[in-house]
Amino acid sequence: MDSTFDYIIVGAGPAGSVVASRLAEDPTSRVLLVEAGKPARGLSVTMPAALSLAYQRRDIQWGYESGPEPHLDGRTIDEKTGKVVGGSSAINAMIFNRGNPMDYDGWAALGLPGWSYAHCLPYFKQMETFEEGADDWRGGEGPMLIGRCRAEHKLFDVFLRSGEQAGIEVAADHNGYRQEGLHIAQAFIHNGLRWNAARGYLRPALERPNLQLLASVFVEKVLVEDGRAVGVAVRDRTGRRVLRCEREVILCAGAFNSPKLLMLSGIGDADQLRGHGIDVVAHVPAIGRNLENHPGVDVQFATRHEDSLTSQIGLVGRGLLGARWLLTRKGLGASNLFEAGAFLRTRDDVAFPNMQYEFLPLTRQLRGGKLVPVPGFQFWMDLSRPESRGTVTLRSADPAQAPAIVFNHLADPRDIRDLIAGVRLAREIARQAPWNPYRGEEISPGKDAVTDADLTEYLKRRTGTSYHPLGTCRMGPGDDAVTDDQGRVKAIAGLRVVDASIMPKNVTGNLNGPILMLAEKVGDRIRGRQPLTPSKADYYRATD
Ligand SMILES: Cc1cc2nc3c(=O)[nH]c(=O)nc-3n(C[C@H](O)[C@H](O)[C@H](O)COP(=O)(O)OP(=O)(O)OC[C@H]3O[C@@H](n4cnc5c(N)ncnc54)[C@H](O)[C@@H]3O)c2cc1C
């Protein structure tokens, strides 16, 4: 292996996979990708319906927790994060959403004019091949293969009809012209296989001789000499060593680990670093602040077992669906189960949807410390653009120690207000006539939770995570932003962050798609390409 590289990329998650593959397209660039996890193998990370098994695999996760959360009764929350080639896209729920066009226009308004939706849309298209074909909004030649869910279980149809009866429209393509409304979901699933970023981008890119992947190698810090990043210090089974590069170190380690690595390298809040005995290289207090996420809760109703998806996933059912999937890559095994959803506004004074619903034709409940499927149906509803902000900080100077993560969910009363409205809207949908033959008791919050005070209590007890951390090294023009509009760390030359950390603000939807777009856009520029021409495609506004 070459001992010197042009680029060292840390982390083979979605962002790292994209950046590595784009940089390696230039045959004169020597690119090294370093990943702490091992390659993703096994049924749990290939068969979409086995996602709950992937969620439980500790050997491919960092095992992080957030908390104690001061506004959630001091609870800790399990923060699943992939430590595996493919990153969290190898263990996630595969749902594909882009966010709302107005999210990106909001980024532009924060002083990032090159990140308006018109500027981002060409990269969303470059990233994907949508199985229903390309048009002004959708791509037809990209590495990520995106399919439409089959949504064959009868309760998906009941969900859509009841939403319509409540006055909500069905969006034909919620990742196209119009996001708002009900939808049949789209997913990173192709030919029955989980289509993670390593499969889409990395596998073909690794055919190139100028890209090397070092898996199961843990980066402990970035080396900075005379104000410039020159390499990384790593550790693996054989011990510690240094890897050097001539152009850039690019951190794609995710919204928890990229700020952690910067701080371990002496870049962060000077007082905090000194407190851990770390030599200060640059005082950048904004690193690790501005942590965002999508907080959410379940609204659950009972049904008869025969009406719920639980009737198909008992011991025999699981065996049958597994066998069918192994033989044909079809059937329920090829589904991520989250096959319908909605983007809705809970109040009229919000310009675009502020709540995302993911509908499941079963409920999941804690029994004996484990989440198990129970007959019923549920809405997982999360707040798309919460106001509360959290932090990622170091616990010590030991690279092996997990960072301290506090989301501060529900710190801002506006978040409580909106989540309560979201619960009431879910109940409203569940009250509609199409549910009459199926709807049993409300399991949670439960029929006794009526007042704002009752529902606030419920939120404190049950608010959880959609696993979408972002914003800890955010892009922007001011001193409170860590990176510039191309992810360059302002304080240090030759050092960039390209992952969920640099998102300046949350988006209305799951993060994998937006991160792939972001990495395409920055990756192209690092490669020296001209920006793609902004799109002229229009998008839906509630006032239309
Ligand atoms: C359980 C779960 C469900 C989700 N469901 C969905 C969904 O359905 N749809 C969706 O769009 N999004 C979903 N997400 C979110 C999405 O997967 C993430 O937002 C996305 O993967 C983040 O990409 P990233 O490149 O920023 O970071 P990551 O995916 O976290 O990748 C970072 C990589 O860097 C590596 N790394 C970190 N530190 C080091 C180090 N020190 N040395 C070497 N390597 C290192 C990690 O091992 C990892 O491989 C889900 C996430 C989770 C965890």
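The notes below deal with the structure included here. Note that the coordinates shown come from a computational prediction; the quantities given were computed from them, not determined experimentally.

### Description of the overall build of the protein chain
- Tallying secondary structure elements over the protein chain gives 12 helices and 27 strands in all.
- Its C-alpha atoms give the protein chain a radius of gyration of 23 Å, near enough to 24 Å, the size a compact globule of 544 residues would have.
- Along the first, second and third principal axes, the C-alpha atoms of the protein chain reach 70 × 50 × 50 Å.
- In the protein chain, which comprises 544 residues, the share counted as buried stands at 55%.

### So, the pairing of strand β13 (residues 228-236)
- As judged from the 7 bridges shared by strand β12 (residues 218-225) and β13, these two strands associate in the antiparallel manner. Along β13, the bridge assignment pairs lysine 221 with alanine 233.
- Hairpin connection between β12 and β13: a loop of 2 residues separates the two successive antiparallel strands, and aspartate 226 in this loop has a positive phi of roughly 50°.
- Note: β13 against strand β14 (residues 239-251), 6 bridges, orientation antiparallel. Within the sheet, the bridge partner assigned to aspartate 236 lies in β14 and is glycine 239.
- Between the end of β13 and the start of β14, which pair antiparallel, lie 2 residues.

### Re the nonpolar core
- Core analysis: the largest hydrophobic core is formed by 157 residues, its most contacted members being Ile8, Ile9, Val10, Val19, Ala20 and Val31.
- In this view, isoleucine 9 contacts Gly16, Val19, Ala20, Val31, Leu32, Leu33, Ile250 and Cys252; residues no more than four positions away in its chain are not counted.

### Focus: the pairing of strand β22 (residues 377-383)
- Across the 7 residues that make up β22, a large majority, 7, are buried.
- What you see with β22 is no split at all: Phe377, Phe379, Met381 and Leu383 on one side and Gln378, Trp380 and Asp382 on the other are buried throughout.
- In terms of strand pairing, strand β17 (residues 295-301) meets β22 through 6 bridges, oriented antiparallel. Looking at β22, one finds that valine 299 is bridged to phenylalanine 379.

### Quick word on the site of the ligand
- Taken together, 41 residues surround the ligand, and among them Gly11, Gly13, Gly87, Gly254 and Asn512 come closest.
- Looking at the shell around the ligand, the elements that each hand over two or more residues are α1 (14-24), β12, α7 (254-264) and α12 (512-526).
- In terms of residue class, the shell around the ligand is made up of 21 nonpolar, 16 polar and 4 charged.

### Some words on the sheet that holds strand β5 (residues 128-130)
- Judged by pairing direction, the sheet is mixed, and its 3 strands sit side by side in the order β5-β6-β8 without closing on themselves. Looking at strand neighbours, the two that pair on one side only are β5 and β8 (186-187), the edges of this open sheet.
- Bridging between β5 and strand β6 (residues 144-148) involves 3 bridges; their strand directions are parallel. Paired with glutamate 128 across the strands is methionine 144, a residue of β6.

### Points about unusual backbone geometry
- Cis geometry is found at the peptide bond from glycine 67 to proline 68, where omega equals 0°.
- Within the secondary structure, proline 68 sits in strand β3 (residues 64-69).
- The backbone of asparagine 191 sits at a positive phi, close to 50°, despite the residue not being glycine.
- Position of asparagine 191 relative to the elements: it lies in the loop between β9 (189-190) and β10 (193-194).
- In this structure asparagine 191 comes out as exposed when scored by C-beta crowding, with 11 C-beta atoms within 10 Å.
- Of note, asparagine 408 is a non-glycine position whose phi angle comes to about 60°, a positive value.
- When you line up the elements, asparagine 408 lands in the loop between β24 (404-406) and α10 (413-430).

The rules behind each value
Residues numbered from 1 in each chain as written. Predicted model: local features only at pLDDT ≥ 70, side-chain atom pairs only at ≥ 80, totals over all residues. Helix = DSSP H or I, 4+ residues; strand = E, 2+ residues; numbered from the N terminus. Rg over C-alpha atoms; globule rule 2.2 N^0.38 Å. Buried ≥ 20, exposed ≤ 12 C-beta atoms within 10 Å, placed from the backbone. Pairing = 2+ DSSP bridges. Core = buried A, V, L, I, M, F, W, Y, C linked by C-beta atoms within 7 Å. Contact = placed C-beta atoms within 7 Å. Near = placed C-beta within 6 Å. Nonpolar A, V, L, I, M, F, W, Y, C, P; charged D, E, K, R; others polar.

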